[in-house]
Amino acid sequence: MKTQRIFGILWLALFLLVIGIWLLKLVRGGDVSSDLAFHPLAGAVYLFGVIASAFVIQDARWARIALAILAVAIALLVVCVMCWGRWHAVDACLGIFALTSAVVLLLPRHAAA
């Protein structure tokens, strides 16, 4: 399905953007010492997201399921941040995008008629 490939490309761009920002922050000498416990875990998740997104573009079923699970997890994290009261409009947009892509990625593919 072409829509699933588009969501794969969008998630790939998002994961690469986050990894790029972290690397840029590290190279410029930003303070990453407060996040040392968070970065290895989140970095592994984002690298897995890059790999899954690349395979979604190639129509791998396992990658669609894995990326949908990541999208649901990100949506839940956004809801938690909103409950704490420290949210912005960008958080709401990310949550809506994550929920929408999870639904679309979990929909069964239909053969072209």
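Up top is the structure.
Residues numbered from 1 in each chain as written. Predicted model: local features only at pLDDT ≥ 70, side-chain atom pairs only at ≥ 80, totals over all residues. Heavy atoms only, no water.

A. Quick look at the side chain of S101. In this structure, S101 sits in helix α4 (residues 89–106). Every residue in contact with S101, bar those within four places of it in the chain, is listed here: F7, W11 and A71. (Helix = DSSP H or I, 4+ residues; strand = E, 2+ residues; numbered from the N terminus. Contact = heavy atoms within 4.5 Å.)

B. Geometry of unusual backbone geometry. Of note, the phi angle at D59 is positive, near 70°, even though the residue is not glycine. Tracing the backbone through its elements, the reader meets D59 in the loop between α2 (39–57) and α3 (61–84).

C. Spotlight on the environment of F15. Mapping F15 onto the fold places it in helix α1 (residues 2–27). Residue classification places F15 among the buried positions, given a relative accessible area of 1%. Through-space distance from the C-alpha of F15 to that of Y46 is 5.7 Å; in sequence the pair is 31 residues apart. For F15, the contacting residues outside a window of four places in its chain are Y46, G49, V50, S53, L67, L70 and I74. (Buried < 20%, exposed > 50% of the residue type's maximum accessible area, 1.4 Å probe, protein only.)

D. Quick look at the side chain of Q4. Among the secondary structure elements, Q4 is positioned in helix α1. Taking the relative accessible area as the measure of exposure, Q4 reaches 0% and is therefore buried. Within the structure, the side chain of Q4 is placed 3.3 Å from the backbone oxygen of L107, a separation counted as a polar contact. (Polar contact = N/O pair within 3.5 Å; in protein donor to acceptor, adjacent residues only side chain to side chain.)

E. Just the packing of α3 against α4, in detail. The N-to-C vectors of α3 and α4 enclose an angle of 150°; their axes lie 8 Å apart at closest approach. Looking at the two axes, α3 sits roughly antiparallel to α4. For the element pair α3 and α4, the recorded crossing hand is left-handed. The segment α3 lies against α4, with R64, I65, L67, A68, A71, V72, I74, A75, V78, V81 and M82 engaging D91, A92, L94, G95, A98, L99, S101, A102, L105 and L106. Looking at side-chain class alone, the contact of α3 with α4 contains 17 nonpolar, two polar and two charged residues. (Axes fitted to C-alpha atoms, helices over the stretch in contact; angles between N-to-C directions. Parallel < 35°, antiparallel > 145°, perpendicular 65-115°, else oblique. Left-handed = near helix turned anticlockwise from the far one by under 90°. Nonpolar A, V, L, I, M, F, W, Y, C, P; charged D, E, K, R; others polar.)

F. Just the packing of aromatic side chains, in detail. Enumeration over the complete set of coordinates arrives at five aromatic pairs. The interplanar angle of 55° and the centroid separation of 5.4 Å between the aromatic rings of F15 and Y46 together place this pair among those described as tilted. Residue F15 is found in helix α1, and its partner Y46 is found in helix α2; the two are separated by 31 residues along the sequence. Grouped by ring-pair contacts, the aromatic residues F7, W11, F15, Y46 and F97 constitute a single cluster. (Phe/Tyr/Trp six-rings, centres within 6.5 Å; stacked < 30°, edge-to-face > 60°.)

Note that all results are geometric; they support no functional claim without further evidence.
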